[in-house]
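Spelled out from the first residue to the last, the chains are:
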Amino acid sequence: MLEIDELSHVYPNGVRALDRVTLSIKPGMFGLLGPNGAGKSTLMRCIATLQTPTSGALRFDGVEALTDPQAIRRRLGYLPQDFGVYPRVSAYDMLDHMAILKGLADPKARRAEVERLLDQVNLWAVRKKALSGYSGGMRQRFGVAQALLGQPSLIVVDEPTAGLDPEERNRFLDLLAGIGDKVVVILSTHIVEDVSDLCSAVAILAGGRILRQGAPGELVRELDGRLWTRPIARDELEPLKTHHQVISTRLSAGRTIVHVLAEDAPGPDFAPHSGSLADVYFSALAQARRAA
Ligand SMILES: Nc1ncnc2c1ncn2[C@@H]1O[C@H](COP(=O)(O)OP(=O)(O)O)[C@@H](O)[C@H]1O
Ligand SMILES: [Mg+2]
């Protein structure tokens, strides 16, 4: 279990990227959902012990990350948001090289591990191709292979689906889903569906603060009976917003559909709406904006 306790991070320029973040993360898929600038990558780097937080504590299975980062690193797999330049070496050679760095010294065992991982992430057929020629989806799958080296028990993947087309994204999420439920997997994303498709627990982060956390189903149930929907004309939106808490608007077949959070029906033409994780997310963001 990963315990994050009152973690704050302030960059030298004064930006408070994390503000007293407290989370308990059990084995399984955990989704960290938040918009750009929320602090996701900062939190991921702190968990990966690449960045020392300004204050607070991090513990993984009882080991303190701040005093014993090496012990965390030995058990960690990390796929950063920006993996950097992809070299003109083959996936096989690169993974083999990274396996050596990870401490897999025995050539026979290393070869078995590298081959197993290339197969697991579905890159076996293209293992001899240069990484520089890989598509976005293939790169991200290679990123997972390197994160899985050495059988980590804590895996951190930072916005892995950004920029993938829908087919690549599905394939990638399937791969993550197969990692297993004995491992803590933390997935950060700004895409609600990544989390609702995959994660048994979620936290919503914005402005460096945790706005909501729990099981997606529980968070959705908190909205029961408080969500209302109606198609509206374009010029109805602004008046509606002044009187009601509009949490989202979307276009559907040329009309604007609004979702409103209210204890009672906001008007005669509104229908009750059974919520989704997207409603939880947008209502949390709307409430945080109003409070700011
Ligand atoms: N190295 C840095 N120096 C100063 N500010 C930073 C740095 N990295 C990130 N920030 C700021 O911290 C906030 C959180 O950034 P980040 O953790 O990258 O969020 P996210 O990954 O959710 O987009 C943003 O306001 C960002 O501009
Ligand atoms: Mg980021």
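Residues numbered from 1 in each chain as written. Chains lettered and ligands numbered in written order. Predicted model: local features only at pLDDT ≥ 70, side-chain atom pairs only at ≥ 80, totals over all residues.

A. Spotlight on the overall build of the chain. Along the backbone of the chain there are ten helices and 14 strands. If you line up the chain on its principal axes, its C-alpha atoms span 70 × 45 × 35 Å. Pairs at least 24 residues apart make up 68% of the contacts formed inside the chain by residues separated by at least 6 positions. (Helix = DSSP H or I, 4+ residues; strand = E, 2+ residues; numbered from the N terminus. Contact = placed C-beta atoms within 7 Å.)

B. Quick look at the environment of Gln70. By the element assignment, Gln70 lies in helix α2 (residues 69-73). Overall, Gln70 belongs to the exposed group, with 8 C-beta atoms counted inside 10 Å. Distance from Gln70 to Thr49, taken between C-alpha atoms, is 8.5 Å for residues 21 residues apart in sequence. (Buried ≥ 20, exposed ≤ 12 C-beta atoms within 10 Å, placed from the backbone.)

C. How the structure looks around the packing of helix α5 (residues 136-148) against helix α6 (residues 166-177). Following both chains from N to C, one finds α5 and α6 inclined at 10°, their axes separated by 9 Å at the closest point. Viewed along their axes, α5 and α6 adopt a mutual orientation that is roughly parallel. When α5 is examined against α6, the residues Gly136, Gly137, Gln140, Arg141 and Val144 are found in contact with a partner set consisting of Glu168, Arg171, Phe172 and Leu175. Across the contact of α5 with α6, the residue classes tally to three nonpolar, three polar and three charged. (Axes fitted to C-alpha atoms, helices over the stretch in contact; angles between N-to-C directions. Parallel < 35°, antiparallel > 145°, perpendicular 65-115°, else oblique. Nonpolar A, V, L, I, M, F, W, Y, C, P; charged D, E, K, R; others polar.)

D. How the structure looks around the nonpolar core. With 78 residues, the main nonpolar core has Phe30, Ala145, Val156, Ile186, Leu187, Ile204 and Tyr281 as its most contacted residues. Counting contributing residues, this core receives three or more from each of domain 1 (2-219) and domain 2 (221-291). In this structure Ala145 touches Leu95, Leu117, Leu118, Val121 and Leu123, once residues within four positions along its chain are discounted. (Core = buried A, V, L, I, M, F, W, Y, C linked by C-beta atoms within 7 Å. Domains from an automatic or database assignment.)

E. Region of interest: the sheet that holds strand β4 (residues 55-60). Pairing is antiparallel in the open sheet, where four strands are placed in the order β2-β1-β4-β5. Every interior strand has two partners, whereas the edge strands, β2 (16-25) and β5 (63-64), have only one. As judged from the six bridges shared by strand β1 (residues 2-10) and β2, these two strands associate in the antiparallel manner. Of the residues in β2, the one forming a bridge with Leu2 is Ile25. In this fold helix α1 (residues 40-47) packs onto β1, β2 and β4, with an angle of close to 60° to the strand it touches most, β2. (Pairing = 2+ DSSP bridges.)

F. Just the site of ligand 1, in detail. If you check the shell around ligand 1, you find Tyr11, Asn13, Val15, Ala17, Gly34, Asn36, Gly37, Ala38, Gly39, Lys40, Ser41 and Thr42 and nothing else. With three residues, the top contributor of residues to the shell around ligand 1 is α1. Among the residues making up the shell around ligand 1, the classes are represented as four nonpolar, seven polar and one charged. (Near = placed C-beta within 6 Å.)

G. Layout of α5. With 13 residues, α5 should reach 18 Å at 1.5 Å per residue; the first-to-last C-alpha distance of 19 Å fits that figure. Counted residue by residue, α5 has eleven buried out of 13 residues, so it is predominantly covered. Among all positions of α5, only Gly137, Met138, Gln140, Arg141, Phe142, Gly143, Val144, Ala145, Gln146, Ala147 and Leu148 are buried. Trailing α5 by a residue or two, Gly150 shows a phi angle of about 75°, which is positive. (Expected span 1.5 Å × (residues − 1).)

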